[in-house]
Amino acid sequence: MEVVSPWRLLVLSLSLATVVLSLFLLFGLRRGRGSRRQLPPGPPPVLLLPKLLAVLLYDGAGTLGLIRDLHLRYGPIISVRLIFRTFIFVADRGIAHRMLIQSGATFADRPPTFEPRRLFTSGETTFSPYGHYWRAVRRNLTAGELSHARVRTLAPAEAEAVVVLRPLLRRAMLELLVYRCFGAAAPYAHSIATSIFPILDFLPAVTRRLFRRRWAACVAVRRRQEELFLPLIHAAAAAATAPCYARSLLAVRVPEEGNRPLTDAEMTSLCSEFLNAAGDTTGTLIEWIMAELVRHHDIQASVYAEVKAACCPELLINKDGGDRLQPPPAIQTSSSYSYLKAVVLEGLRLHPPTHLLIPHGVQSDDAEVDGYTVPKDAELNFMTAEIGRDIKVWTRPLEFCPERFLEGGEGYGVDVKGIKEIKMMPFGVGRRMCPGYSLAMRIAEYFVARLVMDLQWWRPPPPPGAEVDMAEVFDFTTVMKHPLRARIIPRN
Ligand code: HEM
């Protein structure tokens, strides 16, 4: 899942800005003059460009800050016209609700992707246009691997020390997801990095020729991905493997296309999407939550007390097996975990792993919201972090306070699907909402419970790093700029 393509496009656009500036001005001005459409307000491109350039040169991560400033100046919905594309940003939960819930079908498309990105994403749920193919693969995902019954079954993952949590979490997430995807452990299945040399995103017809070797490397990675995944996918049909996502893909048919099965390329993309969409996002969320627990020992103690009191068997150490863990049959959904759930919700509100939704698009030129036109070529971006930190909804929104999700709190009973109203939308809302939200929440609850049940989490001893630094930086998701280092002490 590529989460911040608009950001990347801004970077790319700027790196070529000097070359295309004249073209851009000519094109932008002509369109502006001839068009009777009223786009949301925004800065004139000529004024925006130097600012963007400065931000990117001196602080690449500051682009979102710039967008926030533009919102303060131009209002909750703004448009930014850059080269040949219009970017629209929405930072208001009411407008988001009108677009994604009330006019859900209109705004459920994705803007088109181009080579080389298409090489990896074509066939994925995430980047499929809103239409029959998307419906078929999304239905398969939600009715199968992400159904309530399957989500309940989670496979197990594995002296005082200072640890850096992130690499351990990423490894644990991927092993869990590889197992759920292919029904068996596959040590190398997650070792294929699909990072794309960014410049190839821009004017692919030209850059592909200019950077031939980079393009060839992308094609080779994709080929390797297929070589690795296809045997695993086809092996998943065998009864010996556990029920898994890959097995369900072999059974999918696309009714509108003569009931055809999925192609090998589509199944490869869908498995890759499954591993990518779920791993980094969920791992990032858990790291943020654990950082808050290191900073707030009272909250950590309350989580420990609740989990210990509920004391479900899957969280107990297996005494006979030394320090091996009992295979956990399932995570209990008992209401006795209300504090743990509140901690996870507060983590999602204050630290949503993705600060922007995946860009949305529209399929025709007549889409409108609040009197503004949304053109067909526009990329629509929704600012999830702004919405979850809205001071009109949340008291002291920048404080980590799980109690707000307990009875009597302003977040009690919050609906993350945002059907009646949106208070926070870490998973998006409406038709393109993340289908993995309940799995993600369950994994987060499970890992946080386990980590706190077995270990105490403290700030690392000074020097250096006595404080936990909560600065954010955009990686694939919005992660801690300085990965969490913590001192862990076994509870027994
Ligand atoms: C904390 C963890 C997660 C977060 C914060 C998260 C967030 C998101 C967001 C914001 C979107 C875009 C929604 C939109 O465009 O309106 C999305 C889409 C998606 N997510 Fe997640 N996600 C998480 C975990 C997962 C998991 C566990 C899976 C399961 C495999 C998953 C699979 C997907 C897929 C397939 C899409 C594309 C949906 C579509 O376009 O129809 N995600 N996610």
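Definitions and cut-offs
Counting starts from 1 at the beginning of each chain's written sequence and moves along it residue by residue. In keeping with the predicted nature of the model, local features appear solely for residues at pLDDT of at least 70, side-chain atom pairs appear and are counted solely at 80 or more, and the whole-chain, interface and lining totals rest on all residues. With hydrogens and water set aside, each side-chain value is computed from the structure's full complement of heavy atoms. UniProt positions are given in the numbering used here, feature names are shortened, and annotations may be inferred rather than shown by experiment. Strands are runs of DSSP state E lasting at least two residues, helices are runs of H or I lasting at least four, and both sets are numbered from the N terminus onward. Each residue's exposure class comes from its accessible area (1.4 Å probe, protein chains only) as a fraction of the maximum for that residue type: buried when under 20%, exposed when over 50%, partly exposed otherwise. Any two residues whose heavy atoms approach within 4.5 Å are treated as being in contact. Surface patches are defined over residues having more than 30% relative accessible area and no salt bridge, joining like charges when they lie within 9 Å and nonpolar side chains (Val, Leu, Ile, Met, Phe, Trp, Tyr) when within 5 Å. Each accessible area value is a Shrake-Rupley result obtained with a 1.4 Å probe; residue values ignore everything except the protein chains displayed when judging cover. For this analysis, a salt bridge means a side-chain nitrogen from Lys or Arg found within 4 Å of a carboxyl oxygen belonging to Asp or Glu. A strand pair is defined by DSSP finding two or more bridges across the two strands. Only the contacting stretch of a helix is used when fitting its axis, a line to C-alpha atoms as for every element, and angles between N-to-C directions run 0 to 180 degrees. We call a residue near a molecule or strand as soon as one heavy atom of that residue lies within 4 Å of the molecule or strand. Residues adjacent in sequence count toward polar contacts only when both atoms are side-chain atoms; beyond that, a polar contact is any pair of N or O atoms within 3.5 Å, and within protein one must be able to donate a hydrogen and the other to accept it. Put simply, Ala, Val, Leu, Ile, Met, Phe, Trp, Tyr, Cys and Pro go in the nonpolar bin, Asp, Glu, Lys and Arg in the charged bin, and everything else, Gly too, in the polar bin.

- Per an unreviewed UniProt entry, the chain is named Cytochrome P450, and its organism is Paspalum vaginatum.
- We quote the UniProt Cofactor (unreviewed entry) comment for the chain here in full: "heme".
- According to the UniProt record, the Subcellular location (unreviewed entry) comment for the chain is "Membrane".

1. Concerning the UniProt feature "binding site: heme" (unreviewed entry) in the chain
1) Next: The sites that carry the UniProt feature "binding site: heme" (unreviewed entry) are, in the present numbering, Cys 434.
2) Next: For Cys 434, the position within the fold is in the loop between α16 (384–388) and α17 (437–454).
3) Next: With a relative accessible area of 29%, Cys 434 lands in the partly exposed category.
4) Next: Setting aside its immediate chain neighbours within four residues, Cys 434 contacts Arg 138 and Phe 427.

2. Some points on a nonpolar patch on the surface
1) Next: Together, Val 206, Leu 210 and Phe 211 give the surface a local cluster of nonpolar side chains, amounting to about 280 Å² of exposed area.
2) Next: As for its placement among the helices and strands, Val 206 is situated in helix α10 (residues 204–210).
3) Next: You can call Val 206 partly exposed: its relative accessible area is 46%.

3. Points about the sheet that holds strand β3 (residues 161–164)
1) Next: Judged by pairing direction, the sheet is antiparallel, and its 3 strands sit side by side in the order β3-β12-β9 without closing on themselves. A strand with exactly one partner marks an edge of an open sheet, and here the two such strands are β3 and β9 (455–458). When the angles between neighbouring strand axes are averaged without regard to direction, this sheet yields 40°.
2) Next: With 4 bridges joining them, β3 and strand β12 (residues 485–490) adopt antiparallel strand pairing. Of the residues in β12, the one forming a bridge with Ala 161 is Ile 488.
3) Next: Docked against the sheet, α17 engages β9 and β12, running at close to 95° with respect to β9.

4. Digging into the site of the ligand
1) Next: If you check the shell around the ligand, you find 27 residues, and the closest are Arg 110, Trp 134, Arg 138, His 360 and Cys 434.
2) Next: One nitrogen or oxygen atom from the side chain of Trp 134 is found 2.7 Å from an oxygen atom belonging to the ligand.
3) Next: Between the ligand and Arg 138, the relevant distance is 2.9 Å, taken from an oxygen atom to a side-chain nitrogen or oxygen of the residue.
4) Next: Only α7 (132–143) and α13 (264–295) provide two or more residues apiece to the shell around the ligand.
5) Next: No other element matches the 7 residues that α13 contributes to the shell around the ligand.
6) Next: Per-class residue counts for the shell around the ligand are 16 nonpolar, 7 polar and 4 charged.

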